[in-house]
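Notes for the structure review
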Amino acid sequence: MATATAQTTGKPPQRELERRMLRQMLLIRRFEEKAAEAYALGKIGGFCHLYIGQEAVAVGSLAALRDDDYVISSYREHGQALARGMPATAIMAELFGKATGCSKGKGGSMHLFDAAKRFMGGHGIVGGHIPLAAGLGFAIRYRGEDGLCICYFGEAAVNIGAFHETLNMASVYKLPVIFCCENNRYGMGTAFERVAAVTDVVEHACSYDMAAELVNGMDVLAVYEATRRAADRARKTGGGHPTLLEVRTYRFMGHSMSDPLHGVYRTKEEVEEQRKRDPIAQLAGKLKDEGALSDAGLDALDAEVRAEVEEAVRFADQSPDPEPAELTAHVLAD
Amino acid sequence: MPTLTYRDALNQALREEMQRDPNVLLMGEEVGVYQGAYKVSRGLLEEFGSMRVVDTPIAELGFAGIGVGAAMGGLRPVIEFMTWNFAVLALDQIVNSAAKILYESGGQIPVPIVFRGPNGAALQLAAQHSQAWESWVSHIPGLKVVAPATPADAKGLLKSAIRDNNPVIVLEGEMLYNVKGEVPEGEHVVPIGRADIKRAGRDVTLICHSKTVTVALKAAEQLAEHEGASAEVLDLRSLRPLDEEAIVGSVTRTNRAVVVEEGWPQAGIGAQVVDVIQREAFDHLDAPVLRVTQADVPMPYNRQLERLAKPSPERVVAAARRVLYLD
């Protein structure tokens, strides 16, 4: 019955949706674990920020959006890229700096792009991409379309001026943007409460007369439902409205591959406690409890995504480096 | 040919490009209801409406970034900064977003956007409002930079900038907005990357751009009148890309050069021009190249001190006399 109700409101059948989300979260988890291995082997250089622990945010939110909606994110964007449906092969190849990467090996881990999928990048300056999201929303509104842009950023970006300038203008201009703050509690090694006077990010929406919602980021279905509500507000005919979502999540790894998992800024016990809220385990547990997934079924799904990740690594390994001529290509457009 | 002010030439370029392409829009502080802080956007709100002539809060970083995002989404925004002094607040969006997204996306996402507004000193506005930023912005790969000196070039270069598929910085001048000159009607497009000889000469090349073109032209007159020296005035017009061929061509003929700019001396546009000359015209030089810049100080408020700080025809003449070995 639930399925029938869901179908009448335009949602995919609930079980299908849940299984798809479980698969995507598992894919991200296995992809990131493999990226960590490849980083340790020196196959990935520079900064590499993993998404482990936060999978429910990208997966739940993007499941609620259309393929023609814009997506833009920070440098911790492997999860959103995968959830948007960018091929794991092209993403891994980009991490490896290869010519077959989604940014031709010129962007790396922090700058994944796929124009065809309307994935408008990973951006490396904290909060710097937040105005870009409003600009994409502006372009949609300018053309009178009913699309939207979702913008992912961490809670540390809330202390940046760009966040406040953009929320104000998005509200004044009524732009169809979902500002999705992934509050994982730490900006690198600094706890949010140590550097933020207002620690509930949702409260900032009051300053900009904006709709807001606090969401449990370890519950993929809660993220999905909140994003659907935000999307409905954005798409409203005759001018949509932006929404600020504060999605409370937790990063199970260090800030980047070069940073410790715990130590001076958080305890091992805290990380272990948080791991009990693992979003993948929660959804798998729910499906098992409801008789929709067996242990064997989960193992099979896991084997399937592991194979996909293995293939991505193989593809990245075997792909060529960019030609030297690529050095000077694409500085300017024709 | 009609005579227009520099301000109205820019207005004409904006109007014509907005009529030509529905994706072109203007965004900035006071551009709409107030008709522009310097009236460059006069009448555009009435003609094109508030979706295309967008008043913004005083939030340079924010609206510059919204412009970049809109360009990523297929529009062609023109972002007006009330002055380039305030654009410094938006440098992250200009440098880290606009200039880099095409490259870091492997060529997938162009950013066709114009950032424009008055640059350099006006009169007695003191240190924070009297700065020339061309050496900052022209340092950045991924940007194009133009600095028109005449109404005709202002129209033609702004039109080129709007049609370009890259971020283009257009440096105008508060002291130039009232300057009058002949401006071709309709389709008048000045290609980016081409310098222009504003006065032909044989004995020394005065290399300049924007407001210093007027300074150099006055100096050339004085050199002709008092020294019997024939100075060529080469207006760079574009600072990135720099028209190296025109620079080398002129210096090869005159064998002497003075570079004039409003900016500070260290790592200035003149330093770049001198590098071009020493590499490509070394054997043609009869004297070291000299530079005339703003004094290496924050701009003082006092009228006399300000005059001392700015490049003047007298300082250009003095430099030209030295390279001509007249001293």
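Every value quoted in this text rests on a predicted model; they were computed, and no experiment measured them.

On a plain count of helices and strands, chain B comes out with 13 helices and 14 strands. Since a compact globule built from 327 residues should have a radius of gyration of about 20 Å, the 19 Å found for chain B is in line with a globular shape. The dimensions of chain B, computed from C-alpha atoms along their principal axes, are 60 × 45 × 40 Å. For chain B, with 327 residues in total, the buried portion stands at 61%. Sequence-distant contacts, at least 24 apart, represent 81% of the contacts inside chain B between residues at least 6 apart. Accessible area for chain B stands at about 12100 Å²; split by element, carbon and sulfur atoms hold 52% of it. When the 32 positive and 41 negative side-chain charges of chain B are each reduced to one mean point, those points stand 2 Å apart.

Residues and elements named next belong to chain A. Burial analysis of strand S8 (residues 243-248) places 5 of its 6 residues in the buried class, which makes it a mostly covered element. With 6 bridges joining them, strand S7 (residues 211-216) and S8 adopt parallel strand pairing. Each bridged residue has a counterpart across the sheet, and for Leu214 the counterpart in S8 is Glu246.

As a further point, take unusual backbone geometry. Residues and elements named next belong to chain B. Note that the residue after Arg240, namely Pro241, is joined by a cis bond; omega there is 0°. Of note, Pro241 is situated in the loop between strand S12 (238-240) and helix H10 (244-254). The backbone of Arg237 shows a phi angle near 60°, a positive value even though the residue is not glycine. Along the chain, the position of Arg237 falls in the loop between strand S11 (231-235) and S12.

On to the confidence of the model for chain A. The predicted coordinates should not be examined in detail at positions where pLDDT is low. Averaged over all residues, the pLDDT of chain A equals 95, while 96% of them reach at least 70. The model gives residues 1-9 of chain A a pLDDT under 50, and that stretch makes 5 contacts with residues more than four places away or in other chains.

We now examine the side chain of Thr212 of chain B. Residues and elements named next belong to chain B. Topologically, Thr212 is positioned in helix H9 (residues 212-227). Owing to a relative accessible area of 2%, Thr212 belongs among the buried residues under this scheme. A polar contact of 3.4 Å, which involves the side chain of Thr212, links it to the backbone oxygen of Val260. In this structure, Thr212 is in contact with Val260, Glu261, Glu262 and Pro311, ignoring residues within four places of it in sequence.

Before going further, it helps to spend a moment on the packing of helix H2 (residues 14-40) of chain A against helix H12 (residues 279-289) of chain A. Residue and element names in this part refer to chain A. Look at H2 against H12: their axes get within 10 Å of each other, and the N-to-C directions meet at 150°. Looking at the two axes, H2 sits roughly antiparallel to H12. Along this stretch, H2 crosses H12, giving a crossing that reads as left-handed. On H12, the residues touching Arg15, Glu18, Met21, Leu22, Met25, Leu26 and Arg29 of H2 are Pro279, Ile280, Leu283, Ala284, Lys286 and Leu287. Considered class by class, the residues forming the contact of H2 with H12 number 9 nonpolar, no polar and 4 charged.

This part takes up the packing of H2 of chain A against helix H13 (residues 295-318) of chain A. Residues and elements named next belong to chain A. The contact between H2 and H13 brings their axes to 9 Å, and the two run at 45°. Put simply, H2 runs oblique to H13. The interaxial crossing formed by H2 with H13 has right-handed handedness. Seen from H2, the contacting residues are Leu22, Arg23, Leu26, Leu27, Arg30, Phe31 and Lys34; seen from H13, they are Leu298, Leu301, Asp302, Glu304, Val305, Arg306, Glu308, Val309, Glu310 and Val313. Counted by class, the contact of H2 with H13 contains 9 nonpolar, no polar and 8 charged residues.

What counts as what
- Residues numbered from 1 in each chain as written.
- Chains lettered and ligands numbered in written order.
- Predicted model: local features only at pLDDT ≥ 70, side-chain atom pairs only at ≥ 80, totals over all residues.
- Heavy atoms only, no water.
- Helix = DSSP H or I, 4+ residues; strand = E, 2+ residues; numbered from the N terminus.
- Rg over C-alpha atoms; globule rule 2.2 N^0.38 Å.
- Buried < 20%, exposed > 50% of the residue type's maximum accessible area, 1.4 Å probe, protein only.
- Contact = heavy atoms within 4.5 Å.
- Areas by Shrake-Rupley, 256 points an atom, 1.4 Å probe, with all protein chains shown as cover.
- Lys, Arg positive; Asp, Glu negative; His and termini not counted.
- Charge placed at Lys NZ, Arg CZ, Asp CG, Glu CD.
- Pairing = 2+ DSSP bridges.
- pLDDT = per-residue confidence, 0-100.
- Polar contact = N/O pair within 3.5 Å; in protein donor to acceptor, adjacent residues only side chain to side chain.
- Axes fitted to C-alpha atoms, helices over the stretch in contact; angles between N-to-C directions.
- Parallel < 35°, antiparallel > 145°, perpendicular 65-115°, else oblique.
- Left-handed = near helix turned anticlockwise from the far one by under 90°.
- Nonpolar A, V, L, I, M, F, W, Y, C, P; charged D, E, K, R; others polar.

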